[in-house]
Amino acid sequence: MIQLLRVFTSVGFVGRIPGAPGTYGSLVTLALAYLWTSNVTDNILVTLGLIIVLTVLGVLASTRVAKSLGLEDPGEIVIDELVGQWIAVLAIPNHWSYWVAAFILFRIFDIWKPGIIDKSQQLPGGWGIMIDDVLAGILALLLVQGAALIL
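Residues numbered from 1 in each chain as written. Predicted model: local features only at pLDDT ≥ 70, side-chain atom pairs only at ≥ 80, totals over all residues. Heavy atoms only, no water.

Draft legend 1. Helix α3 (residues 44-69), seen in detail. Between its terminal C-alpha atoms α3 stretches 36 Å, which fits the 38 Å expected from 26 residues at 1.5 Å a residue. Among all positions in α3, only T47, I51, L54, T55, G58, V59, A61, S62, V65 and A66 are buried. On its buried side, α3 packs onto α1 (2-9), α2 (21-40), α4 (79-88) and α7 (125-150). Two or three places before L45, at the opening of α3, N43 has a side-chain oxygen 2.8 Å from that residue's backbone nitrogen. Residue G70 follows α3 closely and has a positive phi angle near 70°. (Helix = DSSP H or I, 4+ residues; strand = E, 2+ residues; numbered from the N terminus. Expected span 1.5 Å × (residues − 1). Buried < 20%, exposed > 50% of the residue type's maximum accessible area, 1.4 Å probe, protein only. Contact = heavy atoms within 4.5 Å. Polar contact = N/O pair within 3.5 Å; in protein donor to acceptor, adjacent residues only side chain to side chain.)

Here it is as structure tokens:
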């Protein structure tokens, strides 16, 4: 069972690629989110529902995987990047510049972890693994949506 959870939390083992697993997870998410929006549905409520389900499953699975590996936040877990990056591109204008901006902003906030984003990592288990990326995604989304409104 733990191997299946590792496949899920590493987003098909993307998180096990050496180098920058969080960045790789975010890039894969851009492709998945674009394909989802283009080929499945562009309904924001359906997509938000999927993100919520992935977040809850990510919390549960990340808790188990981290415990099994004996690590607080294993680098191979990138389901948090998938969720956070998907939030960052949720319902933004369909133009490459917004998607690039959402990617860059999400990565900056995920790495820098300003304020409450950093503090959220102190939550227990999978909550601490997932919520900082959710918050980074929300912050990136707000900035990109704000820029879209101004432009």
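Draft legend 2. How the structure looks around the nonpolar core. The biggest cluster of nonpolar side chains holds 37 residues, and the ones touching the most others in it are L82, V83, W86, V89 and I92. Broken down by secondary-structure element, the contributors of at least two residues to this core are α2, α3, α4, α5 (96-112) and α7. The biggest single contributor to this core is α7, with 8 residues. Dropping the residues within four chain positions of it, L82 is found in contact with V11, T29, L32 and L54. (Core = buried A, V, L, I, M, F, W, Y, C linked by side-chain atoms within 4.5 Å.)

Draft legend 3. Highlighting the packing of aromatic side chains. The full count for this structure, using the stated rule, is 3 aromatic pairs. Considering the side-chain rings of Y34 and W99, the 6.0 Å spacing of their centres and the 80° angle between planes classify their relative orientation as edge-to-face. Within this pair, whereas Y34 is found in helix α2, its partner W99 is found in helix α5, the two being separated by 65 residues in sequence. (Phe/Tyr/Trp six-rings, centres within 6.5 Å; stacked < 30°, edge-to-face > 60°.)

Draft legend 4. Inspection of the packing of α1 against α3 at higher detail. Viewed as axis vectors pointing N to C, α1 and α3 meet at an angle of 125°, and their least axial separation amounts to 9 Å. Taken together, the axes of α1 and α3 lie oblique to each other. Crossing handedness for the pair α1 and α3: left-handed. The segment α1 lies against α3, with I2, L5, R6, F8 and T9 engaging L54, L57, G58, A61, S62, R64, V65, S68 and L69. Of the residues that constitute the contact of α1 with α3, the class distribution is 8 nonpolar, 4 polar and 2 charged. (Axes fitted to C-alpha atoms, helices over the stretch in contact; angles between N-to-C directions. Parallel < 35°, antiparallel > 145°, perpendicular 65-115°, else oblique. Left-handed = near helix turned anticlockwise from the far one by under 90°. Nonpolar A, V, L, I, M, F, W, Y, C, P; charged D, E, K, R; others polar.)

Draft legend 5. The arrangement of the environment of L4 in detail. Within the fold, L4 resides in helix α1. Residues L4 and V65 lie 61 residues apart in sequence; the distance between their C-alpha atoms is 9.8 Å.

Draft legend 6. Representation of the pattern of salt bridges in the model. Evaluated as defined, the whole model comprises 6 salt bridges. Taking the shortest distance from any N to any O, the salt bridge between R6 and E76 comes out at 2.7 Å. Of this pair, R6 sits in helix α1 while E76 is found in the loop between α3 and α4, placing the two residues 70 residues apart along the sequence. The pair formed by R6 and E76 is uniform in burial state, with each residue classed as buried. Measuring nitrogen to oxygen at the nearest pair gives 3.1 Å for the salt bridge that ties D110 to K113. We classify K113 as buried; its relative accessible area is 15%. (Salt bridge = Lys/Arg side-chain N within 4 Å of Asp/Glu carboxyl O.)

Distances and angles like these do not, on their own, reveal function.
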